Amino acid sequence: MVYDLIIIGLGPAGIAAAVYAKRAGLNVLCLEKVMPGGYINYINSISNYIGIPTISGPDLAFNLFKQLKENEIEYKIEYVEKVNIKDEQKILTTNKGEYVAKNIIVATGKRPKRLNLENEAQLLGKGISTCALCDGNLFKDKDVAVIGGGDSAFSEAIYLSNICKSVYIINRSDKYRAIKELVDKVKGINNIKIINNAIVTSINATDDKLESITLNDIDRLSVDGMFTYIGSSPATEFMKDLDILDENGFMLVNDSYESKISGIYGVGDVIKKNIYQICTAINDGIVATMSIIDKR
Ligand code: NDP
């Protein structure tokens, strides 16, 4: 069977695309690697989603998933390993099978970056985490470090300050990428300390238990946990042979969100653009789908 459209990734962009496609009568299949909602499942509080003053990431993810189900959209939990093109058709190989579509929309988002230090991969889940919402409670009344100076680092530090004894924000410069509102809020919380101009140069552990981190090769900071929020990179490895990615792995698309390969679209955090927000990701998904509908 040949689908009109296969959507890869069920974050906000992918779900928006799916809802509009189904309602327009397209024969659509969605493929998701982990769980519907994507990255927002790991955000504790979202305050800039227009129309909903404040909502937790998992609640918003649940609402999006509910909308997918209400519209009876077909989806499978499978991950795409490769995309091949034969004539006009796109052939997707997943970990479980093969699917064919006239069009695909890639909405696979971004994955958290790592510091790439020795021990880091080994200690993931044993003191090191990229999700305060998931793992924060493991560090109740303990000391933790949050690495990064962006909105994620600052908002997750605020969340952790309600659980942990102390939270250190380790920022590699003396400037913050986080918005002023978050920076001011952090500065008003007693158990958060910001350490500027500091780079984590090593992670120190005994018997697979994190004990401390070393800053700038000199200072040891005793912590039980370390949360890394240093940005993310696009999840596009499965398309690396298609010549539609820039040097950092972001998909290059036009105003209709179509790549230079006809019928391959990219939306949300996976594409090269200026503004990465949930609302703009949803916009991308809708515009791409409308473009596919217009071509019918
Ligand atoms: P950002 O890319 O915005 O920030 C990454 C931070 O990590 C920067 O401070 C950067 O420092 C630092 N960093 C990068 N690499 C390293 C490294 N190797 N070692 C130490 N520090 C490093 O990512 P975020 O995840 O914070 O935000 C992503 C997007 O999500 C943004 O658009 C943000 O606005 C949005 N967001 C919005 C929220 C909201 O509720 N409004 C909540 C969370 C995210 P430097 O500045 O020096 O490069």
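Residues numbered from 1 in each chain as written. Predicted model: local features only at pLDDT ≥ 70, side-chain atom pairs only at ≥ 80, totals over all residues. Heavy atoms only, no water.

Draft legend 1. Structural detail: the overall build of the protein chain. If you tally the helices and strands in the protein chain, you get 7 helices and 17 strands. Its C-alpha atoms give the protein chain a radius of gyration of 21 Å, within 12% of the compact-globule value 19 Å for 296 residues. Seen along its three principal axes, the alpha-carbon backbone of the protein chain occupies a region of about 60 × 40 × 30 Å. Considering only residue pairs separated by 6 or more positions, the protein chain has 59% of its internal contacts joining residues 24 or more positions apart. Here the protein chain has roughly 14,900 Å² of accessible surface; of this, 48% comes from carbon and sulfur atoms. The protein chain carries 34 positive and 37 negative side-chain charges, and their two centres are separated by 2 Å. (Helix = DSSP H or I, 4+ residues; strand = E, 2+ residues; numbered from the N terminus. Rg over C-alpha atoms; globule rule 2.2 N^0.38 Å. Contact = heavy atoms within 4.5 Å. Areas by Shrake-Rupley, 256 points an atom, 1.4 Å probe, with all protein chains shown as cover. Lys, Arg positive; Asp, Glu negative; His and termini not counted. Charge placed at Lys NZ, Arg CZ, Asp CG, Glu CD.)

Draft legend 2. Highlighting unusual backbone geometry. Its identity as a non-glycine residue notwithstanding, Asp 87 has a phi of 55 degrees, on the positive side. Residue position: Asp 87 is located in the loop between strand S4 (80-86) and strand S5 (89-94). The phi angle at Asn 119 is positive, at roughly 85 degrees, despite the residue not being glycine. Checked against the element boundaries, Asn 119 lands in the loop between strand S7 (110-112) and helix H3 (120-123). For Asn 119, a relative accessible area of 25% gives the class partly exposed. (Buried < 20%, exposed > 50% of the residue type's maximum accessible area, 1.4 Å probe, protein only.)

Draft legend 3. Layout of the site of the ligand. Lining the immediate surroundings of the ligand are 16 residues, of which Gly 149, Asp 151, Ser 152, Arg 172 and Arg 177 lie closest. For the ligand, a nitrogen atom lies 3.2 Å from a polar atom in the side chain of Asn 48. With respect to the ligand, the backbone of Gly 149 contributes an N or O atom lying 2.9 Å from an oxygen atom. Contact with the protein chains covers 75% of the free accessible surface of the ligand, which is 930 Å². Per-class residue counts for the shell around the ligand are 4 nonpolar, 9 polar and 3 charged. (Near = heavy atom within 4 Å. Polar contact = N/O pair within 3.5 Å; in protein donor to acceptor, adjacent residues only side chain to side chain. Nonpolar A, V, L, I, M, F, W, Y, C, P; charged D, E, K, R; others polar.)

Draft legend 4. Inspection of the side chain of Ser 129 at higher detail. Locating Ser 129 in the fold gives a position in strand S8 (residues 128-129). Of the polar contacts made by the side chain of Ser 129, one reaches the side chain of Asp 135; its length is 2.6 Å. Not counting residues within four places of it along the chain, the set of residues in contact with Ser 129 comprises Asp 135, Met 226, Phe 227 and Thr 228.

Draft legend 5. Structural context of the layout of surface pockets. In this structure, the second largest pocket occupies an estimated 190 Å³ of space. If you trace the second largest pocket, you find it lined by Asp 4, Leu 26, Glu 88, Lys 90, Lys 102, Asn 103, Ser 262, Gly 263, Ile 292, Lys 295 and Arg 296. Only strand S6 (98-106) and helix H7 (278-295) provide two or more residues apiece to the lining of the second largest pocket. In terms of residue class, the lining of the second largest pocket is made up of 2 nonpolar, 3 polar and 6 charged. (1 Å grid on protein atoms, 1.4 Å probe; cavity = no way out; pocket = protein on both sides within 12 Å on 5 of 7 lines; lining within 4 Å. Points joined across faces, edges and corners; volume = space filled by probe spheres on them.)

Draft legend 6. Fine view of the sheet that holds S8. What the 5 strands build is an open sheet, ordered S8-S15-S9-S10-S11; its pairing is parallel. Each edge of the open sheet carries a strand with a single partner, namely S8 and strand S11 (192-195). Where strand S10 (residues 166-170) meets S11, 4 bridges bridge the pair, whose relative direction is parallel. Paired with Tyr 168 across the two strands is Lys 193, which belongs to S11. (Pairing = 2+ DSSP bridges.)

Draft legend 7. How the structure looks around the packing of helix H1 (residues 12-23) against helix H2 (residues 57-70). Packing of H1 against H2 brings their axes to within 10 Å, and their N-to-C directions diverge by 25 degrees. The angle between H1 and H2 places the two elements in the roughly parallel class. In the packing of H1 onto H2, the handedness of the crossing is left-handed. On H2, the residues that touch Pro 12, Ile 15, Ala 18 and Val 19 of H1 are Leu 64, Phe 65, Gln 67 and Leu 68. A breakdown of the residues in the contact of H1 with H2 according to their chemical character gives 7 nonpolar, 1 polar and no charged. (Axes fitted to C-alpha atoms, helices over the stretch in contact; angles between N-to-C directions. Parallel < 35°, antiparallel > 145°, perpendicular 65-115°, else oblique. Left-handed = near helix turned anticlockwise from the far one by under 90°.)

Draft legend 8. Layout of the state of the cysteines. In this structure the tally under the stated criterion is 1 disulfide. The side chain of Cys 131 participates in a disulfide bridge whose partner is Cys 134; the two sulfur atoms lie 2.0 Å from each other. Disulfide Cys 131-Cys 134: torsion about the S-S bond near 75 degrees, hence right-handed. Accessibility expressed as a relative area gives 5% for Cys 131, which makes it buried. Classification of Cys 134 as partly exposed rests on a relative accessible area of 44%. (Disulfide = S-S within 2.5 Å.)

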